[in-house]
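A structural walkthrough
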Amino acid sequence: MTRSVFFRFVVRVMLPVLFIFSLMLMLRGHNEAGGGFIGGLVASSGVILMTLAYGPDEVRQRLKIDFLRLMFFGLLIVILAGLVGLIIEGEFLAAEWWKPVLQGIGQLELGSPLLFDMGVYIIVLSVTSSIVMSMADEGERMDD
Amino acid sequence: MQILLVLPLILPLLIGCSALIRFRNIRQTVALICLFLNMLVCLLLLVETHLYGVQVVQSGGVIAPYGISLVVDSLTGVMLAISGIIGFAVGIFSAATIAANHQRFAYYPLFGFLMMGINFAFITGDLFTLYVAFEVMLMASFVLLTVGGERSQIEGGLKYVTLNLISSTIFLIAAGLTYAVAGTLNMAHLAAIMAEQPSPGIGTVLAALFLIAFGIKAAMFPLFFWLPASYHTPPIAVTALFGGLLTKVGIYSMWRVLVMIFPQELAYLQPLILVLAALTMIIGVLGAVAQTEFRRLLSFHIISQIGYLLMAIGLLTVDSMTGAVFFMVHVILAKTALFFVSGLAYELEGTYKLKKLGGLSKRAPGLALLFLFAAFSLAGFPPFSGFWGKLLLIRSGLEIGQYVIVAIALAVSLLTTYSMLKIWTEVFWKPLPKQDTELASPHKRLSPLMLAPVGVLVGLIIAIGVFAEPMYQLSEAAAVGVISPVSYIEAVLLPGTGE
């Protein structure tokens, strides 16, 4: 944890940028460089910055997310994404697409690969974050 | 058909996800139901492969050498079925014996991840995915080893994870080199390519690398030191699961990769493997004879039995592999049952030290009988399952004139009998020695839930021993499928023929 005002200010500015960038990376991942894994890492770098600036306790208080539990939700989503293909097409992990056309915006391409990427995103974000937070806990204890 | 092949992966993963449930009892119920279903699915898969041949699923519908294939042939079917049975038995046994404070640390979810890794290793038809399965197994088993955080556990766990990480690294390097040589990692494709254009030089190096990587996992001499250092530290249900299944996954991978993909290259290594097999048997059993702690003694026996399974690779005939598959099924059952017995002795008398135990033949005659059956089976007495496995192995050794290894195998059997008798006299026969302190639980009795898994496993040992013919046929089908993998290759690479 640092008391530097500048660092905390930068973190506050950077946080939304990082999260939006991570979402963008995840969404473009199927066709271009990116994907759930990279997106999750970028998002967790936001959590890491917050932990460095405010300390693990305050981050937990502010985010109100239990990353350990979130990890298993991610895993469930991944399993679900695999089952979608199995149920519709009879092939486990097969890609199923749903392409609704939105008036004035264009065509959306939603599908089970996106669901899979979202699961991976959540798992990577929560695993990395919970590792870093527990390491920060250890660091705080040593400082005391 | 599709869903059957995927379920052995999804069901254990669901146990993993049950970590989300807050109540321990519900978590346990979910885990037991999933383990039971997993067992049923695995048995069904065995029946199906036996009736209709090799079953294949191309995940995501991507056709063979490009996607990841899930393949169940006879060998995989046998291994899946036996691991499903052991998984459920250990699940029940854990419910009866694991202390509540251990369960708090997500015991069953970790168990689920471990089972998923084991099933994945058996079912995958892709070399890199096999590596991933090993990593899943390693992580889950490392946490299970150290759950509880006692000093000895951390010490054992550290040795375990370090040596296994070295093994994984060698495996990864070998897989990378294989891809550079053959341009594919799909096992069926690899087997076809290596059969068409054998490459004696680099191929032998690859086979040796895989031998070392899987040898560490299987606790082969001289790479076994992690096993006796760590296996006696966790709760007994965990030890039983590890002792029954984990090293056998290493042996299975040797069969699948060395025997199926690199048979010609393996010819150069066969004398070396025979020497290693002999040393593994001898060192393991001598280590066991010297031990004075129940679990450590059994841990050394795991190593000794691995020697027999290695011997089959050294001989490399259909007969020897048939014997090895038979022996594998037997040793998984017997080993797990014996670890269960040691756990129950601990439940009754509160110690694993052979000197301090005693008098159990009077206090728990049923347990004594179960132990006797499992121990005789391990030593290779008829009519138990161990007899047939050893008979087949030794006969195939005699047929191709490898008399030295046969003599060693027989001598090791004798020593196994000796060390089993040592347990029998120390734990069951001799009167309970006078303790310095009072026993923790002098009137404790074993619940049916604790005895049932041991009873079922011992029942299977006897059933396989008495009705050996069906098991022999299964083993032979598995052995033929690995040694001449024509139907495996066709089923994976030419879709439509395997259905």
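The structure displayed is predicted, hence computed values, not measured ones. (Residues numbered from 1 in each chain as written. Chains lettered and ligands numbered in written order. Predicted model: local features only at pLDDT ≥ 70, side-chain atom pairs only at ≥ 80, totals over all residues. Heavy atoms only, no water.)

**A look at the overall build of chain B**
Within chain B, the regular secondary structure consists of 21 helices and 2 strands. A compact globule built from 499 residues would reach a C-alpha radius of gyration of about 23 Å, and chain B, at 22 Å, matches this within 12%. Here the C-alpha coordinates of chain B stretch approximately 70 × 55 × 40 Å along the principal axes. Looking at the 499 residues of chain B, the share that counts as buried comes to 63%. (Helix = DSSP H or I, 4+ residues; strand = E, 2+ residues; numbered from the N terminus. Rg over C-alpha atoms; globule rule 2.2 N^0.38 Å. Buried < 20%, exposed > 50% of the residue type's maximum accessible area, 1.4 Å probe, protein only.)

**Structural notes on the nonpolar core**
The biggest cluster of nonpolar side chains holds 202 residues, and the ones touching the most others in it are B:Met254, B:Trp255, B:Phe294 and B:Phe371. Leaving out residues up to four positions away in the same chain, B:Trp255 has contacts with B:Leu75, B:Met260, B:Leu309, B:Ile313, B:Met321, B:Ala324, B:Val325, B:Met328 and B:Val482. Core analysis: the next-biggest nonpolar cluster, separate from the first, contains 14 residues, A:Val11, A:Ala43, A:Met50 and A:Tyr121 among them. (Core = buried A, V, L, I, M, F, W, Y, C linked by side-chain atoms within 4.5 Å. Contact = heavy atoms within 4.5 Å.)

**Digging into the interface of chain B and chain A**
In this assembly, 16 residues from chain B lie in contact with 13 residues from chain A. Contact between chain B and chain A buries roughly 1400 Å² in total, counting both sides, with carbon and sulfur atoms accounting for 77%. Run the count over chain B and chain A and you get 0 salt bridges. Among the elements that line the side of chain B that touches chain A, the one with the most residues is helix 1 (residues 2-17) of chain B, at 8 residues. A class-by-class count of the residues in the side of chain B that touches chain A yields 9 nonpolar, 6 polar and 1 charged. (Buried area = accessible area lost by both parts, 1.4 Å probe. Salt bridge = Lys/Arg side-chain N within 4 Å of Asp/Glu carboxyl O. Nonpolar A, V, L, I, M, F, W, Y, C, P; charged D, E, K, R; others polar.)

**Comments concerning the confidence of the model for chain B**
Across chain B, the average pLDDT comes to 89, with 96% of residues at 70 or higher. Both scores are given for the predicted complex: the pTM is 0.92, the ipTM 0.86. (pLDDT = per-residue confidence, 0-100.)

**Here we look at unusual backbone geometry**
Excluding glycine, residues mostly have negative phi values, and the peptide bonds linking residues are mostly trans. Residues and elements named next belong to chain B. In this structure, the amide linkage connecting Phe221 to the following residue, Pro222, adopts the cis form with an omega of -5°. Within the fold, Pro222 resides in the loop between helix 9 (200-218) and helix 10 (226-230). For the bond running from Pro382 to Pro383, omega is 5°, close enough to zero to count as cis. Counting through the fold element by element, Pro383 comes out in the loop between helix 16 (365-379) and helix 17 (385-399). The backbone phi angle of Ala219 is positive, close to 65°, even though this residue is not glycine. With respect to the helices and strands, Ala219 occurs in the loop between helix 9 and helix 10.

**Regarding the pattern of salt bridges**
All names here are of chain A. What the rule picks out here adds up to 10 salt bridges over all chains. Residues Arg60 and Asp57 are paired through a salt bridge, measuring 3.7 Å at the closest nitrogen-oxygen approach. One end of the pair, Arg60, and the other, Asp57, are both in helix 3 (residues 56-63), 3 residues apart, so they sit about a helical turn from each other. What emerges from the salt-bridge pattern is a single network uniting Asp57, Arg60 and Asp137.

**Observations concerning the side chain of B:Arg295**
All names here are of chain B. Inspection of the secondary structure assignment puts Arg295 in helix 13 (residues 294-315). Residue classification places Arg295 among the buried residues on the basis of a relative accessible area of 10%. Engagement of the side chain of Arg295 in a polar contact is seen with the backbone oxygen of His232, the distance being 2.7 Å. Not counting residues within four places of it along the chain, the set of residues in contact with Arg295 comprises His232, Thr233, Pro234, Ile236, Phe339, Ser342 and Tyr352. (Polar contact = N/O pair within 3.5 Å; in protein donor to acceptor, adjacent residues only side chain to side chain.)

**A look at empty space enclosed by the protein**
All names here are of chain B. For the structure on display, the rule yields 2 cavities of 30 Å³ or more. Size it by volume and the largest cavity reaches roughly 90 Å³. For the largest cavity, the full set of lining residues is Phe134, Met137, Leu138, Ser141, Tyr160, Asn164, Lys217, Trp226, Tyr231 and Leu246. Going through the elements one at a time, helix 6 (127-146) and helix 7 (151-182) are the ones with two or more residues in the lining of the largest cavity. (1 Å grid on protein atoms, 1.4 Å probe; cavity = no way out; pocket = protein on both sides within 12 Å on 5 of 7 lines; lining within 4 Å. Points joined across faces, edges and corners; volume = space filled by probe spheres on them.)

**As for the pairing of strand 1 (residues 55-58) of chain B**
All names here are of chain B. Side chains of strand 1 alternate between two faces, with Gln55 and Val57 and Val56 and Gln58 buried alike. In terms of strand pairing, strand 1 meets strand 2 (residues 69-72) through 4 bridges, oriented antiparallel. Following the sheet pairing, Gln58 is matched in strand 2 by Ser69. (Pairing = 2+ DSSP bridges.)

**Digging into the packing of helix 6 of chain B against helix 7 of chain B**
All names here are of chain B. Taken N-terminus to C-terminus, the directions of helix 6 and helix 7 make an angle of 175°; their axes are 10 Å apart at the nearest point. Relative to helix 7, the element helix 6 lies roughly antiparallel. A breakdown of the residues in the contact of helix 6 with helix 7 according to their chemical character gives 16 nonpolar, 7 polar and 1 charged. (Axes fitted to C-alpha atoms, helices over the stretch in contact; angles between N-to-C directions. Parallel < 35°, antiparallel > 145°, perpendicular 65-115°, else oblique.)

**Focus on the packing of helix 14 (residues 318-349) of chain B against helix 19 (residues 448-466) of chain B**
For any two helices packed against each other, the geometry is given by the interaxial angle and the distance between the axes. All names here are of chain B. For the pair helix 14 and helix 19, the least separation of the axes is 9 Å and the interaxial angle reads 150°. Relative to helix 19, helix 14 is oriented roughly antiparallel. For the crossing formed where helix 14 meets helix 19, the hand is left-handed. Counted together, Phe326, Val329, Leu333, Ala334, Thr336, Ala337, Phe340, Val341, Leu344 and Glu347 of helix 14 and Met450, Leu451, Pro453, Val454, Leu457, Val458, Leu460, Ile461 and Ile464 of helix 19 form the full contact between these two elements. Of the residues contributing to the contact of helix 14 with helix 19, the split by class is 17 nonpolar, 1 polar and 1 charged. (Left-handed = near helix turned anticlockwise from the far one by under 90°.)

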